[in-house]
Amino acid sequence: MSAVVRLTVRTASLLGALQGLVPHLPSQQRDEDRPVGVGAARLTVAGDYLLCLAVAKDKARYVCTRALVVDVDDDGMPVPDVWATRPVLADLIGMLAHATAEDVEIVIDEPNLALTVREVGVLWGGRQVTVRTDPPPLDPERADAAAMLVQASQARLASRGHVALWAKDATAMGRTAAMVGDSLSCRLGVLGGDQTVLVWGYSARRRLDANDLEEVVPGSTYLGVTLGSQDPHTLPVLEDVSCYAGDLLDPLLDAVLPDLDADDSGADVEAEFVAEISGYLAGQDPDGHDDTVGGSPWGGAA
């Protein structure tokens with residue numbers, strides 16, 4: 001059985017997804033961050049998507065973008081995760097930016113920590129690039145962008161309140177939205193009753209267009225979270241409305257990293273967590289809140 005896994009991905013969506021991670025990654029990963037996966041990108045296949053995840057330096061931001069997977073040739077093997085730093089992403093982006101093919105093939109050679117991306121269906125062979133990837137972080141305290149995004153998305157939406165944004169967070173998330181061709185959206189929520197979070201991104205929703213015909217606004221192709229500085233005890237919340245209930249949640253649930261310190265009881269806790277979130281999503285109203293207002297996905301001006 002081959003140790004190499006191949007998958008085919010849409011070129012444009014992969015380019016945007018990788019470009020969307022760059023604003024959150026340092027030019028050089030710190031030595032102390034390597035064992036915990038901070039300051040590096042994680043690429044993982046979940047459902048129909050290649051999820052591109054990152055945890056910014058000092059865990060200031062957690063972000064996810066996605067690329068559409070067309071086909072997977074895994075020879076019955078699980079598709080391994082790929083861990084890469086910003087310089088490696090820059091090499092991939094440089095090749096993808098000049099690619100003319102609709103699709104590219106990603107070849108993951110896990111034993112040799114190598115990743116090759118090449119154009120598909122080009123008569124002269126097409127462009128390709130091979131880069132060296134990083135080994136997965138194995139510290140039990142490693143950061144998990146997928147788990148953090150899932151938990152923060154279930155924060156109760158604040159019905160009103162002053163939102164203070166760090167300029168660097170707004171700039172970085174704005175660049176991510178621009179790279180994936182999306183609009184920037186942010187919601188303030190309260191997580192667990194004692195922590196405010198800013199959830200960047202929006203769910204798919206229905207609304208009326210200018211001719212009073214119903215249309216569906218697709219959900220954002222990115223999702224991010226930063227910790228808020230507001231006092232959670234002074235914010236009124238909508239108890240039945242979460243900050244995000246979009247189609248990135250199911251793939252993110254599949255992408256949650258296993259607990260390296262877990263025994264059987266730890267695995268049961270993780271399974272229970274996934275089951276609770278899945279059950280919650282099944283009962284969510286896909287239309288969200290106030291769906292008759294035009295303009296941006298949240299209503300009002302974009």
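Residues numbered from 1 in each chain as written. Predicted model: local features only at pLDDT ≥ 70, side-chain atom pairs only at ≥ 80, totals over all residues. Heavy atoms only, no water.

1. As for the overall build of the protein chain
How we decide: Numbered from the N terminus, helices here are DSSP runs of H or I no shorter than four residues, and strands are runs of E no shorter than two. For every residue, the accessible area (1.4 Å probe, protein chains only) is compared with the maximum for its type, and the residue is labelled buried under 20%, exposed over 50%, or partly exposed between those bounds. Contact criterion: two residues are considered in contact whenever any of their non-hydrogen atoms come within 4.5 Å of each other. Where accessible areas are quoted, they stem from the Shrake-Rupley method and a 1.4 Å probe; at the residue level, only the protein chains shown are allowed to cover.
Broken down by element type, the protein chain carries 6 helices and 15 strands. Burial status across the protein chain gives 49% buried among its 302 residues. Long-range pairs, those at least 24 residues apart, make up 72% of the contacts in the protein chain between residues at least 6 apart in sequence. In the form shown here, the protein chain has an accessible surface area of approximately 14,400 Å², with 51% of it arising from carbon and sulfur atoms.

2. Description of the confidence of the model for the protein chain
Rule in force here: The predictor attaches a confidence to each residue, called pLDDT, with possible values from 0 through 100.
On average, the protein chain scores 84 in pLDDT, and the residues at 70 or more come to 86%. Here residues 264–278 is modelled with pLDDT under 50, and outside its nearest four sequence neighbours on either side it reaches 12 contacts, counting other chains as well. For residues 280–302, every residue scores under 50 in pLDDT, and the model assigns this stretch 47 contacts once sequence neighbours within four places are set aside.

3. Here's the deal with the side chain of D109
Heads up, the rule is: Positive residues here are Lys and Arg, negative ones are Asp and Glu, while His and the chain termini are left out of the count. Salt-bridge detection follows one rule: a side-chain nitrogen of Lys or Arg within 4 Å of a carboxyl oxygen of Asp or Glu. Polar contact is the term for a pair of N or O atoms within 3.5 Å; when the atoms are in protein, one must be able to donate a hydrogen and the other to accept it, and sequence-neighboring residues count only if both atoms are side-chain atoms.
Following the sequence through the fold, D109 ends up in strand β6 (residues 103–109). In this structure, D109 is buried with no salt-bridge partner, the nearest side chain bearing the opposite charge being R6 at 8.8 Å. One polar contact links D109 to N112, side chain to side chain, over a distance of 2.8 Å. For D109, the residues in contact, after removing those within four places along its chain, are V4 and A114.

4. Examining the pairing of strand β11 (residues 195–200)
Selection rule: In short, DSSP must find at least two bridges between two strands for them to pair.
Burial within β11 is extensive, with 5 of its 6 residues counted as buried. Note: β11 against strand β14 (residues 222–227), 4 bridges, orientation antiparallel. The residue of β14 that forms the bridge with L198 is T226.

5. Observations concerning helix α3 (residues 145–153)
With respect to burial, α3 is a largely interior element, 8 of its 9 residues being buried. Taken as a whole, α3 has its buried residues at A145, A146, A147, M148, L149, V150, A152 and S153.

6. So, the environment of C186
Here C186 shows up in strand β10 (residues 186–191). Assessed through its relative accessible area of 29%, C186 is described here as partly exposed. C-alpha separation for the pair C186 and V197, spaced 11 residues apart in sequence, amounts to 10.0 Å.

7. Here's the deal with the pattern of salt bridges
In total, this model carries 13 salt bridges according to the counting rule given. Of the charged contacts, one joins D33 and R30 as a salt bridge, the two residues approaching to 2.9 Å between their closest N and O atoms. When its relative accessible area of 7% is taken as the criterion, D33 is described as buried. By relative accessible area, which is 29% here, R30 ends up partly exposed. A salt bridge links R42 to D81, with the shortest nitrogen-to-oxygen separation between them at 2.8 Å. Taken together, the residues R42 in strand β2 (residues 41–46) and D81 in the loop between β4 (62–73) and β5 (82–84) connect sequence positions 39 residues apart. Under the relative-accessibility criterion, R42 is labelled buried at 6%. Salt bridges sharing common partners tie together R30, E32, D33 and D58.

8. A look at unusual backbone geometry
The backbone phi angle of L113 is positive, close to 50°, even though this residue is not glycine. With respect to the helices and strands, L113 occurs in the loop between β6 and β7 (114–119). Positioned with a positive phi, D212 is a non-glycine residue whose angle comes to about 60°. Its place among the elements puts D212 in the loop between β12 (205–208) and β13 (214–217). Overall, the relative accessible area of 60% leaves D212 in the exposed class.

9. Notes on the pairing of β10
For a regular strand, side chains alternate in direction, first toward one face of the sheet and then toward the other. Bridge count between strand β9 (residues 156–158) and β10: 2 bridges; the pairing is antiparallel. What sits directly across from L157, in β10, is G189. As judged from the 6 bridges shared by β10 and β11, these two strands associate in the antiparallel manner. The partner of L188 across the bridge, within β11, is L198. Between β10 and the antiparallel strand that follows it, β11, lie 3 residues; G192 among them carries a positive phi value of about 65°.

10. So, the state of the cysteines
Convention followed: The criterion for a disulfide is a pair of cysteine sulfur atoms lying within 2.5 Å.
Applying the stated criterion to the full structure yields 0 disulfides. Here C186 stays unpaired: no disulfide links it, and the sulfur of C243, its closest cysteine neighbor, is 8.6 Å away.

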